[in-house]
Amino acid sequence: MRATRGLPVLAAGALITLGLPLIAGKYYTELLSQALIFGIFAMSLDLMWGYAGVLNFGHAAYFGLGGYLVALLAREVRGFDPSYLGYALSVLAPAGLAGALGYFLFYSHVTGVYFTIITLVVTMIFQLIVSDWYWLGGMNGLLGVPGFVLRVWPGLGWELDSEVEVYYLLLSVSVLCYLFCRHVVRSPFGLVMAAIKDNPERTEFFGYDTAYLTTIMSMISAGLAGLSGALYAHFSGFVSPPLFGLNFSTDVIVWVAVGGRGTLVGAFVGAVLVNLLKAIISDFLEVLWLLIVGAFFIVTVFFFPDGIVGTLRKLRWPAPRSLPRAASMREGGV
Amino acid sequence: MAEAARCLRRATRTTSVLELGSLLTQFLNGATLVSVLILISIGLAIIFGVMGVINLAHGEFFILGAYTVIAADALGLSAWWGIALAPLVVGLFGALVEVGLIRFLYKRPLETLLATWGLSIVIRQLVRIVFGVGYRASPHPLLGDLKVFGFTYPIYRVFLMAVCLAVIVITFYVFYRTDFGLKIRAITQDVEMAAALAINTSRVYLGTFAFGSALAGLAGALMTPEITISPEAGVNFLARSFFVVILGGIGQLAGVLGGALVVGELETFLSYLISATTAQAAVLLIAIVIIRFRPRGLFGG
């Protein structure tokens, strides 16, 4: 039932995303490509926030780590091939960091708001260290990251030059990442995560190791964020300390909140819409933008907790009121 | 590796210079930071402990206090007026925030966190619009040194510590010796029971939030001569005071004192050995490790 009803939406979405670069022009195609990268990043946050109920206020630390690793490899390794190794490392290292943080925090039952505050500080630590350390480029960041290379075999590959090629590459990566995340949240593991989100004590009582599972989920989320950071480094050609920063961590929360948390697609919707809006408004009034971001936070909390996608879904498929699950979600919902 | 070796060299060099006098100076510098951290963190801890509200705009309340001094200076008032006005202005502002925003989000920590973070972005940007982007210098109210047994120390910092001590005494007196404090403690234990006993909870919440905000404003005003004031200065203090509260153990007023002592002194001594930013990063890292082994705080049960 649901799948067939969603089909027209899916077809329209595919048509729009595939056709957009043909009519958008260079500037907006690049803007969209960047928004897709940010969408992957936002989706990785949504995995934790929307599906594990844990908000990471320092998610940019993983993004920045992925981006900086690629930039460092490009600088230090002679004849660096920007195809596989960089991506692999930029997934593994943030996942490792998330594992370490999970060991220090989730295993100490530091969850919920305490986790959020500590991650806020983690991202500050990173920004402090990176801006202070000359080897990492200091405040200037690292320049000269090579562009995307699509390699099918050692020695056989294409450099992606035009912005349309880059867009299609990023679009396919986004779709793959989305399918991966959808698989994760619908797998038995994802269902246990949903249970942990609803009621951690009871889930633990059922015999699940909640600390272990939450850590695994945060590692998946961090790996995906690292991947998006690596994509960003290749896309923009340089990385700088603000990628680790609190403001960027804040932006990604806004994207997810606007798009709708716990929906995966919402991450992309939010990233695209907010970045388009930002590009349009910043041209006129740089000063106003941050006021608007602040207002977004307050407005979404008060009036718009489900975000765009969540609200649309509720309109189409209203949640059955009588089920106890709906009640428990209302209470437990952040 | 090279960095580590350099640090080590610097460390060995400094230990040879380290004498009793400079050791004492370092300790007092640390005590200054501790005092300010206590002023900020007590407000944060009370608001969280009593209301379950995590106020991410607390750092901005701090800089609002600092900018009150700068505004008073622009109006031709002395820095002392600024320091006296700051807690009133920021406390009033806090009361407005409580009525307009916080009131709707009691006992929903994650949502207050988002809403107050939005508020902090708005305040920061408004400060940039009103006062300009860069650093601001401010008038120094009390120059000069205090000399005891041939040992000199800036008199303003001594004054700062004295104010902090006074605030601690007043806070503890209010909490444990007054009617208002009794109501606060009752609400902290069981808000429904307290309401049933005819305690006006919303008025106590309002008072608590305004008091906490006023303390942050006072801290900001007192720190104006000591730090470079910029719209971004608040976040730094916010992060440190959160760690003070978490390290001290949530819900304990006395824990704040211990947490501030650890964070402040550690950071001051480390920044003697390594660069100030790295020292700050190191302290935060150490705090995370401590939390692993003492999740209820250093002084929690």
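This text goes with the structure placed above it.
The notes below deal with the structure included here. (Residues numbered from 1 in each chain as written. Chains lettered and ligands numbered in written order. Predicted model: local features only at pLDDT ≥ 70, side-chain atom pairs only at ≥ 80, totals over all residues. Heavy atoms only, no water.)

**A look at the overall build of chain B**
Right, so step 1: In terms of regular secondary structure, chain B is built from 12 helices and two strands.
Right, so step 2: Sequence-ordered secondary structure for chain B, helices as α and strands as β, is α-α-α-α-α-β-β-α-α-α-α-α-α-α.
Right, so step 3: In summary, chain B has a C-alpha radius of gyration of 20 Å against a globular reference of 19 Å for 301 residues, a match within 12%.
Right, so step 4: Seen through its principal axes, chain B has C-alpha atoms that stretch 65 × 50 × 40 Å.
Right, so step 5: A buried classification covers 52% of the 301 residues belonging to chain B.
Right, so step 6: Put simply, 76% of the contacts in chain B that link residues at least 6 apart link residues at least 24 apart.
Right, so step 7: Roughly 13,100 Å² of accessible area belongs to chain B as shown, and the carbon and sulfur atoms make up 69% of that amount.
Right, so step 8: Averaging the locations of the 20 positively and 14 negatively charged side chains of chain B gives two centres separated by 4 Å. (Helix = DSSP H or I, 4+ residues; strand = E, 2+ residues; numbered from the N terminus. Rg over C-alpha atoms; globule rule 2.2 N^0.38 Å. Buried < 20%, exposed > 50% of the residue type's maximum accessible area, 1.4 Å probe, protein only. Contact = heavy atoms within 4.5 Å. Areas by Shrake-Rupley, 256 points an atom, 1.4 Å probe, with all protein chains shown as cover. Lys, Arg positive; Asp, Glu negative; His and termini not counted. Charge placed at Lys NZ, Arg CZ, Asp CG, Glu CD.)

**Notes on the interface of chain A and chain B**
Right, so step 1: Each partner contributes to the interface: chain A provides 38 residues, whereas chain B provides 42 residues.
Right, so step 2: Sorting the residues of chain A by area buried against chain B places Ile117(A), Leu128(A) and Val301(A) first, and these three jointly supply 15% of that buried surface.
Right, so step 3: Put simply, chain A and chain B have zero salt bridges between them.
Right, so step 4: Elements with a minimum of two residues in the side of chain A that touches chain B: helix H3 (85-105), helix H4 (112-132), helix H9 (246-259) and helix H11 (286-303) of chain A.
Right, so step 5: Here the side of chain A that touches chain B gets 13 residues from one element, more than from any other, and that element is H4(A). (Buried area = accessible area lost by both parts, 1.4 Å probe. Salt bridge = Lys/Arg side-chain N within 4 Å of Asp/Glu carboxyl O.)

**Concerning the packing of aromatic side chains**
Right, so step 1: Under the defined criterion, the tally for this structure stands at 30 aromatic pairs over all chains.
Right, so step 2: Centre to centre, the rings of Phe57(A) and Trp117(B) are 5.3 Å apart; their planes meet at 75°, and the pair counts as edge-to-face. Residue Phe57(A) is found in the loop between helix H1 (2-49) and helix H2 (60-76), and its partner Trp117(B) is found in helix H5 (residues 109-131); the two belong to separate chains.
Right, so step 3: Since its relative accessible area comes to 0%, Phe57(A) is described here as buried.
Right, so step 4: Between Tyr103(A) and Phe104(A) the ring centres are 5.4 Å apart and the planes differ by 70°, which places this aromatic pair in the edge-to-face class.
Right, so step 5: The positively charged end of Arg124(B) is found above the aromatic ring belonging to Trp117(B), 5.2 Å away from the centroid.
Right, so step 6: Above the face of the Phe237(B) ring, Arg240(B) is positioned so that its terminal group lies 4.6 Å from the ring centre. (Phe/Tyr/Trp six-rings, centres within 6.5 Å; stacked < 30°, edge-to-face > 60°. Lys NZ or Arg CZ within 6 Å of the ring centre and 35° of its normal.)

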